[in-house]
Amino acid sequence: MGKKKKLVRFRENKNFDKLFEPDALDLLKNNHEFKGKWLSDYFKRSGRLVLELGCGYGEYTVGQAKMMSQDCFIGIDIKGARLNLGVKEIENNNISNACFIRTQVEMVTHIFDSEVDEIWLTFPDPRPDRARRRLTYPLFLDRYKKILKDNGNICLKTDSKELYDYTCNLIESLGYRIIEKTDNLYESPLLNEVPFIQTKYEKRFLAENKKICFLRFCF
């Protein structure tokens, strides 16, 4: 994407009602105003609260919001140019049960508090040389534990068998519980239980005949 197009999207982002862009330093000093009360004070409804972390263009956030109007969905990513497309989708279609937050995933404990029902990690960077930056590394899992409800769960969808195996082994070593898993989703009965939403990256991986792995676990 060209620099000019990015700047246009950044300017547009400042005018969206359904996009939050909190300053990281401000969050460190004062937690987000809706922390612990996203359903009651922002969405003003009941149902589940679902996050998509590292959401990119927000395909899962938008897709699930359309499928499950009784629940609420929030996509989080640091790349504003990508979020621009997801925000336009929900604003142009008057989707009231979704929004986006532009921030680092590391900031989630300053934005949420034991209120999240489900977290989606959709095709995160596998970070083959920097395990500490993986979104399933123990430091990140500790953050998720603080924002999930007691019965909350985490879903990982990836084309990286290495990341999938790493996460499965880590979850078992830490004594957490794997609810369901498969290293070939499109040849598994689990396909019928996972929302049929294909991200831009997933379509590309399938076109390259890559297998898609899926893992659902809880603490």
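Residues numbered from 1 in each chain as written. Predicted model: local features only at pLDDT ≥ 70, side-chain atom pairs only at ≥ 80, totals over all residues. Heavy atoms only, no water.

## Observations regarding the packing of aromatic side chains
At step 1: Summed over all chains, the structure comprises 14 aromatic pairs.
At step 2: Taking 6.1 Å as the distance between ring centres and 85° as the angle between the ring planes, the aromatic pair formed by F20 and F34 counts as edge-to-face. Of this pair, F20 sits in strand β1 (residues 19–20) while F34 sits in the loop between α2 (24–29) and α3 (38–43), and the two are 14 residues apart along the sequence.
At step 3: With a relative accessible area of 14%, F20 lands in the buried category. (Phe/Tyr/Trp six-rings, centres within 6.5 Å; stacked < 30°, edge-to-face > 60°. Helix = DSSP H or I, 4+ residues; strand = E, 2+ residues; numbered from the N terminus. Buried < 20%, exposed > 50% of the residue type's maximum accessible area, 1.4 Å probe, protein only.)

## A look at helix α5 (residues 80–92)
At step 1: Here α5 spans 18 Å end to end across 13 residues, near enough to the 18 Å set by a 1.5 Å rise per residue.
At step 2: Packed against the buried residues of α5 are α1 (3–13), β1, α4 (59–67), β3 (72–77) and β4 (98–102).
At step 3: Phi turns positive one or two residues past the end of α5, at N94, with a value near 50°. (Expected span 1.5 Å × (residues − 1). Contact = heavy atoms within 4.5 Å.)

## Details of helix α6 (residues 138–147)
Think of an α-helix as turning once every 3.6 residues; residues three or four places apart then point the same way.
At step 1: Of the positions making up α6, those classed as buried are F140, L141, Y144 and I147. What you see down the axis of α6 is that its buried residues fit within an arc of 120°, all on one side.
At step 2: Along its buried surface, α6 packs onto β2 (49–53), β5 (116–122), β6 (148–158), α7 (161–173) and β8 (213–218). (Arc of directions from axis to C-beta.)

## Some remarks on the sheet that holds β3
At step 1: Taken together, the 8 strands give an open sheet; going across it, the order is β1-β4-β3-β2-β5-β6-β8-β7, and neighbouring strands pair in mixed fashion. In the strand order of this sheet, the two ends are held by β1 and β7 (177–182), each with one partner.
At step 2: Note that β5 and β6 share 6 bridges and pair parallel. The partner of L121 across the bridge, within β6, is L156. (Pairing = 2+ DSSP bridges.)

## Side note on the environment of L163
At step 1: In this fold, L163 is placed in helix α7.
At step 2: We classify L163 as buried; its relative accessible area is 1%.
At step 3: Taking the C-alpha atoms as reference points, L163 and D125, separated by 38 residues in sequence, lie 9.0 Å from one another.
At step 4: Apart from the residues lying within four places of it in its own chain, the contact partners of L163 are P124, P126, R134, T136, L156 and T158.

Function-wise, these values are silent; they only describe arrangement.
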